[in-house]
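A closer look at the structure
So the chains spell out like this:
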Amino acid sequence: KAAGEAAGSNIGSWNIRQHAKEIKNYTAKRKIAQTAQAMLQSIHDDSKTPITICDEAVQTLRQAMPIETREDESLDSILIETYSVLGENMGPNGGGTKTNIPEFDRVTGGLFDGEMTVIGARPGVGKSAFAQYIAMQFVRQGKPVEFFSREMSRIQYGLRIYASESGVSTAKMRQGNVGEPELKKLSAAMQRLYGLPLYINTTARTPEEILAVCHDRQQKNGLGLIVVDYLQLVSGMGGNREQEVSTVSRALKE
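Each residue is numbered by its place in its chain's sequence as written, counting from 1. Where local features are concerned, this predicted model is filtered to residues with pLDDT of at least 70; where side-chain atom pairs are given and counted, the filter is 80 or more; whole-chain, interface and lining totals use all residues. Only hydrogens and water are set aside; all other atoms, that is, all heavy atoms of the structure, feed into the side-chain values.

**Brief notes about the overall build of the protein**
When its secondary structure is counted, the protein shows 11 helices and 3 strands. The helix count covers DSSP runs of H or I at least four residues long, the strand count covers runs of E at least two residues long, and both are numbered beginning at the N terminus. Put simply, the protein runs from its N terminus to its C terminus through helices and strands in the order α-α-α-α-α-α-β-α-α-α-β-α-β-α. Partly exposed describes any residue whose relative accessible area lies between the buried limit of under 20% and the exposed limit of over 50%, with all areas from a 1.4 Å probe on protein chains only and scaled to the type maximum. Counting over 254 residues, the protein shows a buried share of 27%. In this description, contact between two residues means that some pair of their heavy atoms is separated by no more than 4.5 Å. For the protein, restricting intrachain contacts to residue pairs at least 6 apart in sequence, the fraction spanning at least 24 positions comes to 61%. Residue exposure ignores everything except the shown protein chains as possible cover, and the areas themselves are Shrake-Rupley values with a 1.4 Å probe. Summed over all atoms, the accessible surface of the protein reaches about 17,600 Å², with 55% contributed by carbon and sulfur.

This is the structure:
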């Protein structure tokens, strides 16, 4: 309908782009309406759980979302903008958010807004501990962090943070082998950590659920960093494991 109205009206080149945008919006709204109808039908399907229904709806809605593309920019404007950013980044405090790991910051310049960084290494060499350390550096700078962990429970994660901050080993805490000196260290650690904007989620299992949690957190507190520990434990859209990890990686980047 919108396409017919646009074609039949007397329009000039100056507003063709606006009409094209309206057509895209009508198409997206129709897709959203179809998704809503499909959700209503799925509610009566006993084979589908509420999470499955939401996952399917979110995936369809993401495809229906209009993509706003920026105008082409000349090389001149890109060079000027980049040069300006370089000027802002000059000096010891320039670059991205520092992790306080000197060699890492020297090589990477820190972590930058809008970038996805994947930590890769053999099992058991400390990837999760490394990610946790970086998360703690962010929250100490007042930048809220949403940490997704499908590998550990909240208590396990709490033990790891206590151990890192106090120097009391997780083995001692798990065995109940904690005396007065250790309790003092743990109490001091809690005082230093209490109130830091670190949020732990151990239940989100798909990119869509992660997106929903992050959107909610952004609205409440803002977000400086999102950590997913770890990639292979996030559920994708089927296929073999390599395809699934690729799908999950792309969804998280988007």
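Additional details are given in the paragraphs that follow.
**Quick look at the sheet that holds strand β3 (residues 225–229)**
Note: strands within a sheet are paired through backbone hydrogen bonds, in either parallel or antiparallel orientation. Spatial ordering of the open sheet is given by β2-β1-β3, a layout of 3 strands whose pairing is parallel. Each edge of the sheet is formed by a strand with only one pairing partner; in this case those strands are β2 (198–201) and β3. Put simply, the sheet's adjacent strands are angled 15 degrees from each other on average, direction ignored. Two elements, strand β1 (residues 145–149) and β3, share 5 bridges in a ladder whose sense is parallel. When the bridges of β3 are listed, Ser149 appears paired with Asp229. Note on pairing: DSSP must find at least two bridges between two strands before they are called paired. Every axis in this analysis is a line fitted to C-alpha atoms, fitted for helices over the stretch in contact. Angles between the N-to-C directions lie between 0 and 180 degrees.

**A short note on the layout of surface pockets**
Here a cavity is any set of points on a 1 Å grid over the protein atoms alone where a 1.4 Å probe fits but cannot get out, and a pocket is any open set with protein on both sides within 12 Å along at least 5 of 7 lines; a residue lines the site when it has an atom within 4 Å of a point. Grid points are joined across faces, edges and corners, and a volume is the space filled by probe spheres set on the points. Its boundaries defined by the atoms lining it, the largest pocket holds a volume of some 1,800 Å³. If you go around the largest pocket, you meet 50 residues; those closest to its centre are Met116, Ile226, Val227, Val228 and Leu252. Among the elements that take part in the lining of the largest pocket, helix α6 (residues 127–140) stands out by supplying 7 residues, more than any other. Here the lining of the largest pocket is built from residues that sort into 29 nonpolar, 11 polar and 10 charged. Of the pockets and cavities examined, the second largest pocket occupies roughly 400 Å³. Together, 14 residues line the second largest pocket, and Gly158, Ile161, Leu193, Tyr194 and Leu198 are the ones closest to its centre. Among the elements of the structure, α6, α7 (154–166), α9 (180–193) and β2 are those that each provide at least two residues to the lining of the second largest pocket. Element by element, the count of residues in the lining of the second largest pocket is highest for α7, at 5 residues. For this classification, Asp, Glu, Lys and Arg are treated as charged, while Ala, Val, Leu, Ile, Met, Phe, Trp, Tyr, Cys and Pro are nonpolar and the rest, including Gly, are polar.

**Side note on the nonpolar core**
In these notes, a set of buried Ala, Val, Leu, Ile, Met, Phe, Trp, Tyr and Cys residues joined through side-chain atoms within 4.5 Å is what counts as a nonpolar core. By size, the foremost hydrophobic cluster in this structure holds 16 residues, and its most contacted members are Val145, Phe147, Leu198, Leu225 and Val227. Contributions of two or more residues to this core are made by α6, β1, α7 and β3. With sequence-adjacent residues up to four places away left out, Val145 is seen in contact with Ala135, Phe138, Val139, Pro197, Leu198, Tyr199, Leu223, Leu225 and Val227.

**Remarks on the packing of aromatic side chains**
Between rings of Phe, Tyr and Trp, where Trp is taken as its six-membered ring, a pair exists when centres lie within 6.5 Å; planes separated by under 30 degrees are stacked, by over 60 edge-to-face, and by other angles tilted. The full count for this structure, using the stated rule, is 2 aromatic pairs. Considering the side-chain rings of Phe104 and Phe130, the 5.7 Å spacing of their centres and the 75 degrees angle between planes classify their relative orientation as edge-to-face. One end of the pair, Phe104, is in helix α5 (residues 102–108); the other, Phe130, is in helix α6, with 26 residues separating them in the sequence. Owing to a relative accessible area of 24%, Phe130 belongs among the partly exposed residues under this scheme. A ring pair is formed by Phe147 and Tyr157, whose centres lie 4.8 Å apart and whose planes are at 50 degrees; its orientation type is tilted. Taken together, the positions of Phe147 in strand β1 and Tyr157 in helix α7 put the pair 10 residues apart, joining distant regions of the chain. Judged on exposure class, the residue Phe147 and its partner Tyr157 are both buried.

**Quick word on the confidence of the model for the protein**
Parts of the model with low pLDDT should not have their predicted coordinates read in detail. What pLDDT reports is the predictor's confidence in each residue, on a scale of 0 through 100. Overall, the prediction assigns the protein a mean pLDDT of 82, with 86% of residues at 70 or greater. Long-range and interchain partners of residues 1–11, a stretch whose pLDDT sits below 50, account for 9 contacts in this model, where long-range means more than four residues apart.

**Details of the packing of α6 against α7**
The axes of two packed helices give the description: the angle between them and the distance between them. Interhelical geometry of α6 versus α7 gives an angle of 75 degrees and a closest axis separation of 11 Å. Here α6 is positioned roughly perpendicular relative to α7, judged by the angle of their axes. Residues Ser128, Ala129, Gln132 and Arg140 of α6 touch α7, and the partners they reach there are Tyr157, Arg160, Ile161, Ser164 and Glu165. Any angle from 65 to 115 degrees is called roughly perpendicular, while one under 35 is roughly parallel, one over 145 is roughly antiparallel, and all others are oblique.

**Focus: unusual backbone geometry**
With a phi angle near 65 degrees, Asn100 is a residue other than glycine that sits in the positive phi range. Within the element layout of this structure, Asn100 appears in the loop between α4 (75–88) and α5.

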